[in-house]
Structures are given as structure tokens and as C-alpha cells.
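Observations on the model geometry
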Amino acid sequence: MDSKTPPKNFVRFLRWFCNPELHPFIEGDLFELYNERVKELGKKNADRKFVIDVIRLFRPGIIRGFEDFNPFGQLDMYKNYFIIAWRNLLKQKLYSFINIFGLTIGLTCFILMFLYVKYEFSYDNFFPKKERIYRVYQQQKGADYLGSDCFALTPTILAESLENELPEVELATTIFDREVLIKNGDDVFFDRGYWTNNSFFEIFDHEFIQGGDFGSNTHGIVLAESYATKMFPFGNAVGKVVVVSNFFGEIEYVVTGVVKAPPENTSLGFNYLINIQSDPEYSENLRSSKWAGNSAHTFLLLKQGGNFKQTESKIASIIQKHMGLDTEEEKNRTTYFLQSLSDIHLFNKAHFDLGPKGDPKHVHYFMLIAAVILSLACINYINLAMARSIKRAKEVGIRKVVGAIKWQLISQFIIESIVLASIAMVLALILSILLLPSYSNILERDLELNLTTEPLLVPILLGILLMVGLVSGAYPALFLSRLNPLSSLKGKFTEGPGKIRLRSLLVVVQYAASIILIIGSLVIYLQFEFVKNKDLGYNKEQIIILKTLSQDLQENLSSLKTELKKHHNISSLTVSNALPYEINSSTNVSSNSGRSNGITTYISTSDHDYVKTLGLKMASGRFYSEDIQSERDNIVINESAAKAFGWDVNKAVGKEIFMGDNRMTIIGVLNDFHMFSLHLKIQPLLITLRERRFNYVMVKVSPNDLDHTVSYLKKTVEQYSEYPFNYQFMDTDFERLYKADLRFAKFLGVFTIISIAVASLGLFGLAAYTTKQRTKEIGIRKVLGASIRTIMGLIAVDYVKMVLMGFLIAVPLAWYLMNYWLKNYAYKINLEWWIFIVAGILATVIAVFSVSFQSIKAAMTNPVDSLRND
């Protein structure tokens, strides 16, 4: 900078606002004064005083008038820019197609991802009092269970105590979440609903469309609209009587109301609500002030201005008072927390929770992938616009010669970018609407794209459109507006090294992102292959699962088994309280009567055929036998349990363990099998033969004539149960454990292909332009004897270098991200080096393929034509 030059930005500011008639005199005086101050005070002080003078001059008497602004002239100018933009789009068909296609795909992905993310964050936001609604959950320190020590269940009478003892609590409600059999005459339904009180309707506003009474009738039931329609398809449901059957027996309930069905995006969805006063367990707990046991969900509504943190801190004192906790150890063992209603769906690790759960990691991944794909499309635009700058240099030069100033040129190129992005946005909206049904179906979410009912959607889409237009067009606009008009008109304009470096850098970024996605897809695919082929320690093939819901069925299990075994396609069957991959009951077990070395041990009950039916293997000893008259004091453990007690697996048989006051003798040790999904490690396990309620019958069947076998199962089970017959194959049910991960893997695979397609399309377009620039060089090389292969290699080698650079950037990032993802699994693959190499080779092959068409075309062009036309 010249030492006698005042700050340029403020000189520009003066020229912008100053009246043109006054400007020459004012600027001349300011410059003269500035030079004198430089001599007297130095440049720094002169600059400061110059800035102050310019700011002081920004006043009505100096500022140029509105008459200098010609709105009609401006409109004409912008209209001209739109016309030029449209003509350029039609004239440069390849360029237009690549950019519009890329942006359309990018915006479509963005819109679909946005709808999913918005839906995940919208859970329970429709409740008017949502900001004051909290639920209580507890953390039992040291009681680590299935990877977390947090539980959504609380003592039954907690809600009533909170409401009575905490003045800041306006209302509190208790919810029992149960599946029961409901009978309406001959129609039988088995569904999930809540037992709750009248406060439920005061906390969670629901609109009654029939009736409206709930609390006054102890044996009242309220139905959701869709459920009422299913149960009573003809006429009003209010006043009708239904019979509810559960482990308390059969009770008649009167329908007292029908509410409008809650939307899908709620953690508190229900088919029916039953008055909790009719529940014997609830009544007994209230009557006896019983605090032991956790079986209820507790929600509360704070009064206006209530502080949930202060309320949360008071819950501990209520629990301690009622439960009589005296020692610090007892007080610190369990901590109660409040959680906002809107956080339950995504930000929660509590067991036995209500409603469907989302995965915040997947939401974040989806947001990141959407941003990546949109960025790839924007990079395509920037790269191609820079590549085309030589062709547009003359146009810019002419505009500058006839008086166009810099901001007008910038406006022109930004408008071109926005026009192109607008076309892409319209196409993306159409494509999104077409894809939305399938997309929603795969995600199992009720997604909706409605510009009229979503007040925020239109401004958000316009914001994205503007952002994409500005981001895509800003750099080309700034670059082209700086061109020297004389050099442009003489055709002496050439790309500088800086521009080429930037373009190369953008391609490198594109391929780095694509390679990360390829590596991600490969790792997830390999992890699921690992899960699919992992030896779980049991055989889940050809096993049909039946739920034993009926009390009659429970009481006649022995007869049922005898009947089922008669069928020639049934080789074996067993009963259990839990599926082998969902064992979720636990107890404390010690190896001595003093309980000094107690460990948390998972426990499952079964009959004698458990090992045979599931194909389990004994590590030592034996399993329970029907030939032995009494196995009452015997127990079977797994290898992990033996190791947890410090025993050699082969020497554990004959040792004793203590479950409370019960002394049990170990008769066998099972080989470890995966009792959860592969997300969790195998834990110590006991298999007991005690008489308990069995929840499942697992039937090993022959693959032959399955329809006939299932019909036989249905016919036999229905002899003992009035519940709707329902069955599931174990291998199909097993996939439920990985459902969310499988869904994410599918989407990542699709979006990886899309990202590669967008990046490759950009590379294709870029190759077309750069090859054209080298037409003369290629012609000369051919004249001198270069072969087609040499010419192809000459063009492709630059792009291969860029892909390799992208590979080097992608590897550490992908390694970090995939290690982070694999942390979700206790049993996982190793990130082998060849996965990264395969991804790099794949990306290189795709890149070479993308530019090969242009390379071959250039190499096969007659050199005479190349030299004559260039």
C-alpha cells in the first residue's frame, strides 16, 4: 500500500454515498488534508482522522439523493441478466445438464434428509404444554443392565407424592404400559395400551370426539379413534362394554370416550386408556404406601415458571423420606432425574421406556451426508464455471468496456447461479414428492412434504436456494469480475496457477468425500456380513416362535407340547421365559452363603429340551434331564458365569451358588452363546428349571411343507388359547435387533452411489472443458507421433493424481469415523488395510472411467482438424 494513500475501503465508501456533484471537491479536500496530516502526525494518525472525517460526512446534506437510483433501469438490467442466464443455459446444454442434474440430486437428498431429521426432532412437540412436561427416570449406580444403568420405571405411588409434596408440580400422572386381550363379543384384539388416571388428559391434551369422561368411572376405557373404528365399525362406541383379559382375570369396562388418534411422532401412542383405579396392583400400592418395586412411568407438569432442576433436586429427599434411606450408600445408590418430554425420543438410554426410539447418531450422520452431497453438487458448479471462464472472458471484457462496474458483473453471475439453482429446486421438489412414499416406508416414519401446512418449510427451502446460489456462484462471479478487459478482448487471458490449484483442490475434496463414503459402505457391509455369519452359539434356523399369552395355554403347556410333538415335521420344541437373544432378567448370585462375592447374573428359565431345540452345547456336565425325578436344587450356568466366579469351566460342576437363601448345585456349564445382539458382550447366565411363567414356545420344524406345519400349530394352539394366533420365524425376528443399523446401512449405500455419481458427473464435465482447451496440444502431439494410449494417459493422469490426493485425505478421516461407528458393537470386524485400498482403487477406476470418454474422443480426433479449428 502507498504510504500516502488513505484507507481504500473508506475511500470507496465515500464514493458510494457522496453526492456526485460534491464528491470531487470533498474528496480533493480530504486527500489534501490527509497528506498534511501524514507529514505532521504520521500515517497511522492520519488514517484514523480520515476515517472519522468520512463517517462524519455521512449525513443527509452530503448523501446522494434517491433520484440517482433508477428502479426501472435496475429492473431492466436484472431482466437482461435473467434473459442472458436463460440463453446461456440453453446454449451450454452439457454444462447446464451436469449442473442442474447434480444440484437436483443434491437438493433432493437434502430435502428428504431434512424431512427425516425434522420428524425425529418433532416427537411430542404437538402437546401444547410440552415445555412444562417432564418424566421421571432413575439411575441405579452399579446395576449395569444391557449397557445402561438408567431405567424409565419408578415406584407406583411416586406421582401422587410429587403432586402432593412439591408445590411447583401442578399435576403428575402414573402410567402402566401393558398388552392385554380385549374382547368385544366374538371379536378379539390383542394390543398395547395404558392404565392411567384423569391427570393424563390434563397434562397431555387429547381431543375427545365422542364422550369425554374418564376419571369418574373406575371401570372406564377410552379408545383412540382408529381403534374404536376397528372395534366398533358401526355407530357410537361410547357406552359399549368390552372385556379386558390379563393376569388379573377378566374385567368388564365401559367405553367412556373416543379421542382423536395421536400423531405417529409421539412417544405416548396408545390404542386405549384404562382407568388405573381398576388395577389391583395400583390400588394395593396406594393403600399400603408401598414404595418397593418399579413398575410405573411417572410424568409431571410443572407450574408456570417452575424450575425443573430445582424440582429434580427435591425428588431425592421425597424418595429418601418414604423409603427410609439412612446411610449415604443407600442414598447414593439410586438417583432420580427429570427429562423433558421432547427429549425422550432421541436423547435417552433408559430401559423399559415408552414409544419408539430414534438414534441421535444416525440423525447426525444423515445430516452430514445430506450436506456432503449438496456440497459436491455446488463444487461441480464452481469447477465448471471456472473452467468456462475462458469462454466468458470476452463477454466480461465487452461489458466492462461499455461501462459495467464490478458489482453489476457479480450480480449477473450470481443471478445465473440462482436461476440454475431455482430450476434444480423445482425438479428436486417434484422428485422428493415422487420418492417420499417409498422413503417413508423404508424409514417407517410418517413423513410429509406439504408447503402449505409447514410454515417453516418454504422459508427454509428459499434460504437453501439462496445459499446454494450464492455459494455456487460467488467464486466464479468474483473471479470473472476481476478480469482485465483489454486482456480479455485480445484473447490473452489464460488460467493462472492459483485458479487451477483451486479447481484441483475442489476435485480432491469431492473425491475425498466420495472415498470416505465408499469406505463407510464397505465397513458397514462387512460388519453385517460378520453379524450374519457369526456363530451365535445356538441355531436359529427353522425355529418358529409362539407367544404364550393365554393363562389357559400357560396351564396346559405340557399337553400342548405333547400334541405338537405328534406332528412329523416338528423335531423338537422348548419353552422359555425369554428368547435366547433377548435374555433381560437378572439377579444377584454369590458363591458363598455370606454373599460376599455376589455378581449380577442374567437368568432364564426353560424346560428340559432347551439345549436340544436350540442346538446349544455343553462345555462340561449335563443339562436338565426328564429321567431325573427332581432337579429342584440344581442349576446350569454358562462359561462366563463360571469365569466370573473364578472357576475353571471343567471344574465348576458340583460347586454351589446362592440365590438369596436358595442353595443351588451346578450340574452343567453351557458354552457361551450370544444372549443379546452383538452390540453387547456375553454376560454371566443361569438357566433354571423352576416353574415360572413361560413367555415363548420355540418349535424346531422341518423346512418341508411349512404351510401344513403352521396350520397344525395354529389349530393346536387355538385349542388352548383364545388369543389371536401369531407366529414368527426366529431368524426373521432376530434381524429386529439390527433393524435400525440395517436401515442406516441401506441408506448409506444408496447415498454413496449418489455422491459418486455427482462427483463423477462433475469430473466428466470438467474433463470435457479441459480437453477442449488442450485441443491444439493434442493435435501437435499426434502429428509428432503420439499414440491414442499416450494421449489418453496424458489427460487421465492429472485426474488420477487428484483422486490419489483425495484418497490420502480420506483414509485418516474414514478410519476415525468408522472406528467411532464400530464402537456400537462389542463384537466387530477389524479395520483392515485392504478395505481402504479397495475403496481407493474403486474411486480411481470410476474417475478414469468418467474422463475416458473425453480422452478417447480427443485422442481419435484428426490432428488436422484440431490444429485448423483451434
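On a predicted model such as this, the values are computed, not experimentally measured, just so you know.

**A short note on the overall build of the protein**
On a plain count of helices and strands, the protein comes out with 28 helices and 22 strands. A compact globule built from 870 residues would reach a C-alpha radius of gyration of about 29 Å, whereas the protein, at 37 Å, exceeds it by more than 25%. Each principal axis of the C-alpha atoms in the protein carries an extent, and together these give about 110 × 75 × 65 Å. For the protein, the residues scored as buried account for 49% of the 870 residues in total. Here the analysis covers contacts within the protein between residues at least 6 apart in sequence; of these, 80% occur between residues at least 24 apart. Just so you have it, the protein exposes about 42100 Å², and 57% of that area is on carbon and sulfur atoms. A distance of 14 Å separates the average location of the 92 positive side-chain charges in the protein from that of its 85 negative side-chain charges.

**Comments concerning the sheet that holds strand 13 (residues 570–576)**
Taken in spatial order, the 4 strands make up an open sheet running 13-21-12-22, and their pairing is antiparallel. Sheet topology places strand 13 and strand 22 (727–729) at the edges, where each strand pairs with a single neighbour. On average, adjacent strands in this sheet sit at an angle of 25° to one another, irrespective of strand direction. Pairing of strand 12 (residues 543–547) with strand 22 involves 3 bridges; the strand directions are antiparallel.

**Observations regarding the packing of aromatic side chains**
Under the counting rule described, the total for this entry stands at 42 aromatic pairs. Plain terms: the ring middles of phenylalanine 201 and phenylalanine 208 are 5.1 Å apart, the flat faces sit at 35° to each other, and that makes the pair tilted. Taking the relative accessible area as the measure of exposure, phenylalanine 201 reaches 11% and is therefore buried. For the pair phenylalanine 623 and tyrosine 624, a centre-to-centre distance of 5.0 Å together with 70° between the ring planes defines the contact as edge-to-face. For phenylalanine 623, a relative accessible area of 8% gives the class buried. Through a chain of ring-to-ring contacts, three or more aromatic side chains come together here, namely Phe126, Phe127, Tyr194, Phe200, Phe201, Phe204, Phe208, Phe214, Phe270 and Phe299. Just above the ring of tryptophan 195 sits the side chain of arginine 178; from NZ or CZ to the centre is 5.3 Å. Against the face of phenylalanine 734 rests lysine 540, its NZ or CZ located 4.8 Å from the ring centre.

**Re the pattern of salt bridges**
Taken as a whole, this structure holds 28 salt bridges when the rule is applied. Aspartate 353 serves as the salt-bridge partner of lysine 357, at 3.6 Å between the closest nitrogen and oxygen. Aspartate 353 gets classed as buried once you look at its relative accessible area, which sits at 17%. Taking the shortest distance from any N to any O, the salt bridge between lysine 565 and aspartate 609 comes out at 3.4 Å. Here the residue lysine 565 occupies a position in helix 19 (residues 557–565), and aspartate 609 occupies one in the loop between strand 15 (599–605) and helix 20 (610–614), the gap between them amounting to 44 residues.

**Some details on the environment of tyrosine 137**
By the element assignment, tyrosine 137 lies in strand 1 (residues 133–140). Of the residues examined, tyrosine 137 reaches a relative accessible area of 17% and is grouped as buried. Through-space distance from the C-alpha of tyrosine 137 to that of isoleucine 666 is 37 Å; in sequence the pair is 529 residues apart.

**Focus: helix 6 (residues 158–165)**
Taken as a whole, helix 6 has its buried residues at Leu158, Ala159, Ser161 and Leu162. Along the long axis of helix 6, the arc covered by the buried residues comes to 165°, so they all point the same way. Where helix 6 is buried, its residues touch strand 1, strand 3 (169–184), strand 10 (297–302), helix 10 (308–323) and strand 11 (334–340).

**Here's the deal with the nonpolar core**
Within the largest apolar cluster, 149 residues are counted, with the highest numbers of intra-cluster contacts made by Tyr439, Ile637 and Ile657. Discounting residues that sit within four places of it in the chain, tyrosine 439 has contacts with Leu112, Met113, Tyr116, Phe366, Leu447 and Phe747. Of all hydrophobic cores here, the second largest spans 44 residues; its members include Leu171, Tyr272, Ile274 and Phe299.

**Notes on the pairing of strand 9 (residues 272–275)**
Two faces, one strand: in a regular strand the side chains alternate between the faces of the sheet. What you see with strand 9 is no split at all: Tyr272 and Ile274 on one side and Leu273 and Asn275 on the other are buried throughout. Examined bridge by bridge, strand 4 (residues 187–196) and strand 9 share 3 bridges and lie parallel to one another. Paired with threonine 196 across the two strands is asparagine 275, which belongs to strand 9.

**Here's the deal with the environment of alanine 143**
Note on placement: alanine 143 falls in the loop between strand 1 and strand 2 (150–151). Under the relative-accessibility criterion, alanine 143 is labelled partly exposed at 27%. Spatially, the C-alpha atom of alanine 143 lies 29 Å from that of proline 280, the residues being 137 residues apart in sequence.

**Concerning a negative patch on the surface**
Where like charges cluster on the molecular surface, the negative patch consists of Asp29, Glu32, Glu36 and Glu40. Within the secondary structure layout, glutamate 36 lies in helix 2 (residues 23–41).

**A few points about unusual backbone geometry**
Located in the positive-phi region is aspartate 124, a residue other than glycine, with phi close to 65°. Summarising the element assignment, aspartate 124 is placed in the loop between helix 5 (93–121) and strand 1. The backbone phi angle of aspartate 705 is positive, close to 50°, even though this residue is not glycine. Its place among the elements puts aspartate 705 in the loop between strand 21 (696–701) and helix 22 (706–717).

**Some points on the confidence of the model for the protein**
Across the protein, the average pLDDT comes to 83, with 91% of residues at 70 or higher. In the model of the protein, helix 28 (residues 863–869) stands out as the element of lowest mean pLDDT, 61, in contrast to strand 10, which has the highest, 94.

**Observations concerning the packing of helix 1 (residues 8–17) against helix 3 (residues 43–57)**
At a closest axis distance of 10 Å, the pairing of helix 1 and helix 3 adopts a crossing angle of 15°. When the interaxial angle is binned, helix 1 and helix 3 end up roughly parallel. Remark: the crossing between helix 1 and helix 3 carries left-handed chirality. Counting all contacts with helix 1, which are made through Phe10, Val11, Phe13, Leu14 and Phe17, the residues of helix 3 involved are Phe50, Val51, Val54, Ile55 and Leu57. Of the residues in the contact of helix 1 with helix 3, the class split is 10 nonpolar, no polar and no charged.

**Regarding a nonpolar patch on the surface**
Together, Trp833, Trp834, Ile837, Val838, Ile841 and Val845 line one region of the surface with nonpolar side chains, adding up to about 610 Å² of accessible area. Structurally, isoleucine 837 is set in helix 27 (residues 833–860).

**Quick notes on the pairing of strand 13**
When you tally the buried positions in strand 13, you get 6 out of 7 residues, the bulk of the element. As judged from the 6 bridges shared by strand 13 and strand 21, these two strands associate in the antiparallel manner. By the bridge assignment, threonine 574 is partnered in strand 21 with methionine 698.

Rules used throughout
The numbering scheme is per chain: residues are counted from 1 as the chain's sequence reads. Selection of residues for local features in this predicted model requires a pLDDT of at least 70, selection of side-chain atom pairs for listing and counting requires 80 or more, and totals for whole chains, interfaces and linings are taken over all residues. Hydrogens and water are ignored here; the side-chain numbers use all heavy atoms of the structure. For helices the rule is a DSSP run of H or I covering at least 4 residues; for strands it is a run of E covering at least 2, with both sets numbered from the N terminus onward. For a compact globule the rule gives 2.2 Å times the number of residues to the power 0.38, and the radius of gyration it is set against comes from C-alpha atoms. Burial classes follow relative accessibility: with a 1.4 Å probe on protein chains only, a residue under 20% of its type's maximum area counts as buried, one over 50% as exposed, and anything between as partly exposed. For this analysis, residues touch if any pair of their heavy atoms sits within 4.5 Å. Surface accessibility in these figures is a Shrake-Rupley result with a 1.4 Å probe; residues are shielded only by whichever protein chains are displayed. The convention is simple: Lys and Arg are positive, Asp and Glu are negative, and His and the chain ends are not counted. We put the charge of a Lys on NZ, of an Arg on CZ, of an Asp on CG and of a Glu on CD. Any two strands with at least two DSSP bridges between them are considered paired. For helices, the axis comes from a line fit to the C-alpha atoms of the stretch in contact; other axes are also lines fit to C-alpha atoms, and the angle between any two N-to-C directions lies between 0 and 180 degrees. Between 30 and 60 degrees the pair is tilted, below 30 it is stacked and above 60 it is edge-to-face, where a pair is any two Phe, Tyr or Trp rings, Trp via its six-membered ring, whose centres lie within 6.5 Å. By the criterion adopted, a ring carries a charge over it if an Arg CZ or a Lys NZ lies within 6 Å of its centre and within 35 degrees of its normal. When a carboxyl oxygen of Asp or Glu lies within 4 Å of a side-chain nitrogen of Lys or Arg, that pair is called a salt bridge. What the arc covers is the set of directions going from the helix axis to the C-beta atoms. We define a nonpolar core as any set of buried Ala, Val, Leu, Ile, Met, Phe, Trp, Tyr and Cys residues linked to one another through side-chain atoms lying within 4.5 Å. Note on patches: the residues involved have over 30% relative accessible area and no salt bridge, like charges join within 9 Å, and the nonpolar side chains Val, Leu, Ile, Met, Phe, Trp and Tyr join within 5 Å. Per residue, pLDDT captures the predictor's confidence, and it can take any value from 0 to 100. Between 65 and 115 degrees an angle is taken as roughly perpendicular, under 35 as roughly parallel, over 145 as roughly antiparallel, and anywhere else as oblique. What makes a crossing left-handed is the near helix being turned counterclockwise from the far one by less than a right angle; a clockwise turn instead makes it right-handed. Three categories are distinguished: nonpolar for Ala, Val, Leu, Ile, Met, Phe, Trp, Tyr, Cys and Pro, charged for Asp, Glu, Lys and Arg, and polar for the others, with Gly belonging to the last.

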